[in-house]
Each structure stands twice: as C-alpha cells, then as structure tokens.
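Below, each chain spelled out in residue letters.
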Amino acid sequence: MARKEDPRVTDLARYRRAREQARRRPPPPPRQQAPNASFLGPRKNAGLILALVLLVLLALTVGPTFL
C-alpha cells in the first residue's frame, strides 16, 4: 500500500529547489506608462476637479481681502 504524502510535512529539498529557481528567475520588467497617458491620471474629470480645488483655494485666500 502506497502512503500518501502529508502536505503538512515540509520537504526541505523541494523548498531549497523552489527557492533556487526563484532566485534564478529574472525580475519582472518595470511597468511602463503608456505614451499617451495623462499627467492627471486615468480619471476623465481630474482636470475639472483640480480646477475647482484651485478656485476654492483662491477664493479662501483672496476673498477675505474684499470683505
């Protein structure tokens, strides 16, 4: 009768082999940004949001001088 291998038992030789193979594997290439990628990212409304934030900041800094 063949014994089934218990998955809880650690096989040191298999672990070392897997670790050595992982060390030999080249690192993944760095992710490159698409040439037409926007400065503000993938959001379509990013420019509008940025403009609104700048207008609010401008109103908070310049507004009190007129009061």
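Trainee: Tell me what's going on with the overall build of the protein, and back it up with residues and numbers.
Mentor: Across its full length, the protein carries 2 helices and 0 strands. Evaluated residue by residue, the protein yields a buried proportion of 1% over its 67 residues. Split by element, the accessible area of the protein, about 7,400 Å² in all, is 62% carbon and sulfur.

Trainee: Describe the pattern of salt bridges, naming the residues involved and giving the relevant values.
Mentor: The final tally for this structure, using the stated rule, is 2 salt bridges. Glu20 is the salt-bridge partner of Arg23, the closest N and O atoms lying 3.2 Å from each other. A residue pair is termed a helical-turn pair when its members lie 3 or 4 positions apart in one helix, as Arg23 and Glu20 do in helix 1 (residues 12-24) at 3 residues. Under the relative-accessibility criterion, Arg23 is labelled exposed at 57%. With a relative accessible area of 29%, Glu20 lands in the partly exposed category. Measuring nitrogen to oxygen at the nearest pair gives 3.3 Å for the salt bridge that ties Glu20 to Arg24. Linking Glu20 with Arg24, this pair stays in helix 1, spanning 4 residues, or about one helical turn. Accessibility expressed as a relative area gives 66% for Arg24, which makes it exposed. Within the structure, one salt-bridge network assembled from shared partners comprises Glu20, Arg23 and Arg24.

Rules used in this analysis
- Residues numbered from 1 in each chain as written.
- Predicted model: local features only at pLDDT ≥ 70, side-chain atom pairs only at ≥ 80, totals over all residues.
- Heavy atoms only, no water.
- Helix = DSSP H or I, 4+ residues; strand = E, 2+ residues; numbered from the N terminus.
- Buried < 20%, exposed > 50% of the residue type's maximum accessible area, 1.4 Å probe, protein only.
- Areas by Shrake-Rupley, 256 points an atom, 1.4 Å probe, with all protein chains shown as cover.
- Salt bridge = Lys/Arg side-chain N within 4 Å of Asp/Glu carboxyl O.

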